[in-house]
Amino acid sequence: MDDKKYIIVTGGAGYIGSHTVVALRENGFYPIIIDDFRNANRDIIQRLEETLKEEVIHFSISCQEKSRLSGIFSQFPIYGVIHFAAYKAVGESVKNPLKYFDNNFSSLITMLELVREYEVKHFVFSSSCTVYGDPDEIPVTEDSPVSYNSPYGFTKKVNEEMIEQFISSVPDTKAVALRYFNPIGAHASGTIGEEPEGIPNNLLPYITQTAIGLREELTVYGDDYNTEDGTCIRDYIHVVDLAEAHVAALKYLPKSKEHMSTFNVGTGKGTSVMEMVHFFQEVTGKHLKYHIGDRRDGDIPKIYADTNKANDLLGWKTKLTVQDAIRSSWKFQEFISDYRK
Ligand code: UFG
């Protein structure tokens, strides 16, 4: 009997997924990556294998291909599923909501069907602080009002509710939804990190691409917000700390008395866009060209997490700083620019 703890990691070739694969393996779990590489480079597998110094189990399958996925669930005794695979660009979701509804709803339904059929006991869902919309009170707790301001946010909110309703129908299965704040940074090796396709939407990839010469200059989207320096404030969490939260969730689930629980995964600290710009220059010694532009549609002025629940119940807290994240992202940018030449 194979008593290894196999964990299905959908979207395991992606940014957060790949770091979680490393954290899982380092903590004695056996990740099985399910990813059709629609939003990831296939060479991530090789880089993961070099980092872990062993083969990584992976299958190039979409989360909607149920019969092929069934083959994997019948081949391995699955201890848990971590479901990352989803579309995640807020702006694109506004332009093409059906693409988001199709993928983000049907992938989750397929995974939950497999959880039920193969009696998988532990399910971890990748949610987002986007479910808090533009909060009236900060920091946000898990009990803060939930809303959405994009089709993407809508899919995350509804996905959480779908899991909650589903999980009551499978008494032996428990679920956790992790609401990520803003993940940044890269693995300390500098060989695994965030590699956006085309022009980056997110702040730190835009900064590193500008500093390395791929982009002309950073536009700071507005400096007339009601914050100390006028730029927006976010809770930037190191992706390696975020990956560890998934391990903590898997260890928590068997002990949990709740069928489904939700956790904020952030640092509890806010950092402004201009602070990020200054930190980047301090940490790397690079000059960053930037200018102040108009506000970006849909941006909220300020959000950061109350992390007490995750700290207390998951026994997890962040260990790395924004400066650590910037340092590792820059190392990754230098590596990947050279690698792609
Ligand atoms: N920003 C700039 N210039 C850029 C890019 C970003 O000034 O070129 C600013 C944004 O205006 C914002 C901050 O940097 O104030 C962070 O922006 P990101 O795009 O990096 O992150 P967001 O907070 O907008 O979005 C993130 C995730 C979404 C998720 C959302 C939840 O990318 O998937 O958090 O609030 F939905």
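Look up a bit, the structure's there.
Residues numbered from 1 in each chain as written. Predicted model: local features only at pLDDT ≥ 70, side-chain atom pairs only at ≥ 80, totals over all residues. Heavy atoms only, no water.

Caption draft 1: Structural context of the overall build of the chain. The helix and strand tally for the chain stands at eleven helices and 13 strands. Against the globule reference of 20 Å for 341 residues, the chain gives a C-alpha radius of gyration of 19 Å, in line with a compact fold. Taking the intrachain contacts of the chain between residues at least 6 apart in sequence as the baseline, contacts between residues at least 24 apart amount to 80%. Looking at the chain as shown, the accessible area adds up to about 15,500 Å², and 47% of this sits on carbon and sulfur atoms. When the 36 basic and 48 acidic side-chain charges of the chain are each reduced to a single mean position, those positions are 4 Å apart. (Helix = DSSP H or I, 4+ residues; strand = E, 2+ residues; numbered from the N terminus. Rg over C-alpha atoms; globule rule 2.2 N^0.38 Å. Contact = heavy atoms within 4.5 Å. Areas by Shrake-Rupley, 256 points an atom, 1.4 Å probe, with all protein chains shown as cover. Lys, Arg positive; Asp, Glu negative; His and termini not counted. Charge placed at Lys NZ, Arg CZ, Asp CG, Glu CD.)

Caption draft 2: A look at the packing of helix α9 (residues 273-284) against helix α11 (residues 322-339). Where α9 meets α11, the axes come as close as 9 Å, and the angle between the chain directions of the two elements is 65°. As for the relative orientation of α9 and α11, their crossing is right-handed in sense. Contact residues: α9 offers Met276, Phe279, Phe280, Val283 and Thr284, while α11 offers Val322, Gln323, Ile326, Arg327 and Trp330. For the contact of α9 with α11, a count of residues per class yields seven nonpolar, two polar and one charged. (Axes fitted to C-alpha atoms, helices over the stretch in contact; angles between N-to-C directions. Left-handed = near helix turned anticlockwise from the far one by under 90°. Nonpolar A, V, L, I, M, F, W, Y, C, P; charged D, E, K, R; others polar.)

Caption draft 3: The arrangement of the pairing of strand β5 (residues 122-128) in detail. Counting buried positions along β5 gives seven out of seven residues, so the element sits mostly inside the fold. Side-chain alternation along β5 places His122, Val124, Ser126 and Ser128 on one buried face and Phe123, Phe125 and Ser127 on a second face that is also buried. Sheet topology note: the strand β4 (residues 78-83)/β5 ladder contains four bridges and is parallel. Along β5, the bridge assignment pairs Gly80 with His122. Note that β5 and strand β6 (residues 174-180) share seven bridges and pair parallel. Bridging across to β6, Ser128 finds its partner in Tyr180. Note on the crossover from β5 through helix α6 (residues 151-167) to β6: the handedness is right-handed. (Buried < 20%, exposed > 50% of the residue type's maximum accessible area, 1.4 Å probe, protein only. Pairing = 2+ DSSP bridges. Right-handed = clockwise from strand over helix to strand, strands pointing away.)

Caption draft 4: Broad picture of helix α2 (residues 44-52). Where α2 is concerned, the buried positions are Ile44, Ile45, Arg47, Leu48 and Leu52. One face of α2 carries all of its buried residues, which in axial projection span an arc of 165°. In the core, the buried residues of α2 are packed alongside α1 (15-26), β2 (30-34), β3 (57-59) and α11. After α2 finishes, the residue Lys53 shows a positive phi value of roughly 55°. (Arc of directions from axis to C-beta.)

Caption draft 5: Spotlight on the pattern of salt bridges. Taken as a whole, this structure holds 17 salt bridges when the rule is applied. With a closest N to O distance of 3.8 Å, Arg234 and Asp299 form a salt bridge. Residue Arg234 is found in strand β9 (residues 233-234), and its partner Asp299 is found in the loop between β13 (290-293) and α10 (308-314); the two are separated by 65 residues along the sequence. Each member of the pair, Arg234 as well as Asp299, carries the same accessibility label: buried. Taking the shortest distance from any N to any O, the salt bridge between Asp324 and Arg327 comes out at 3.1 Å. Of this pair, Asp324 and Arg327 both sit in helix α11, three residues apart, roughly one helical turn. Take Asp324: its relative accessible area is 24%, and that puts it in the partly exposed class. A single network of salt bridges, built from pairs that share partners, joins Asp43, Arg47, Glu195 and Arg340. (Salt bridge = Lys/Arg side-chain N within 4 Å of Asp/Glu carboxyl O.)

Caption draft 6: Up close: the site of the ligand. Neighbouring the ligand are 21 residues; Asn202, Thr219, Arg234, Arg296 and Asp299 lie closest to it. Calculation on the ligand without its partners gives an accessible area of 680 Å², and the protein chains cover 89% of this total. Listing elements by their share of the shell around the ligand, those giving two or more residues are α7 (203-211) and β8 (218-221). By residue number, the principal contributor to the shell around the ligand is β8, which donates four residues. For the shell around the ligand, a count of residues per class yields eleven nonpolar, six polar and four charged. (Near = heavy atom within 4 Å.)

Caption draft 7: Layout of the side chain of Thr262. With respect to the helices and strands, Thr262 occurs in strand β11 (residues 260-265). For Thr262, the contacting residues outside a window of four places in its chain are Glu142, Glu160, Ala177, Arg179 and Lys309.

Caption draft 8: Spatial organisation of the nonpolar core. Within the largest apolar cluster, 42 residues are counted, with the highest numbers of intra-cluster contacts made by Ile7, Leu24, Leu48, Leu178, Leu314 and Trp316. If you list the elements that add at least two residues to this core, you get β1 (6-10), α1, α2, β4, β6, α8 (239-252), β11 and α10. When residues in this core are grouped by element, the largest group, nine residues, is from α8. Not counting residues up to four positions away in its chain, the partners in contact with Leu314 are Leu178, Ala245, Ala248, Ala249, Tyr252, Phe263 and Lys309. One finds Ile8, Ile32, Phe73 and Met260 within the second-largest nonpolar core, a separate group that totals 28 residues. (Core = buried A, V, L, I, M, F, W, Y, C linked by side-chain atoms within 4.5 Å.)

Caption draft 9: Broad picture of the packing of aromatic side chains. Applying the stated criterion across every chain yields a total of 14 aromatic pairs. Pairing Tyr148 with Phe154 gives two aromatic rings, centres 5.1 Å apart and planes at 65°, and the pair type is edge-to-face. What makes Phe154 partly exposed here is its relative accessible area of 25%. Each ring, one from Phe280 and one from Trp330, has its centre 5.6 Å from the other, and the planes form 85°; the classification is edge-to-face. One end of the pair, Phe280, is in helix α9; the other, Trp330, is in helix α11, with 50 residues separating them in the sequence. The class of Trp330 is buried, set by a relative accessible area of 9%. In this structure an aromatic cluster arises from ring pairing among Phe101, Phe105, Tyr148 and Phe154. (Phe/Tyr/Trp six-rings, centres within 6.5 Å; stacked < 30°, edge-to-face > 60°.)

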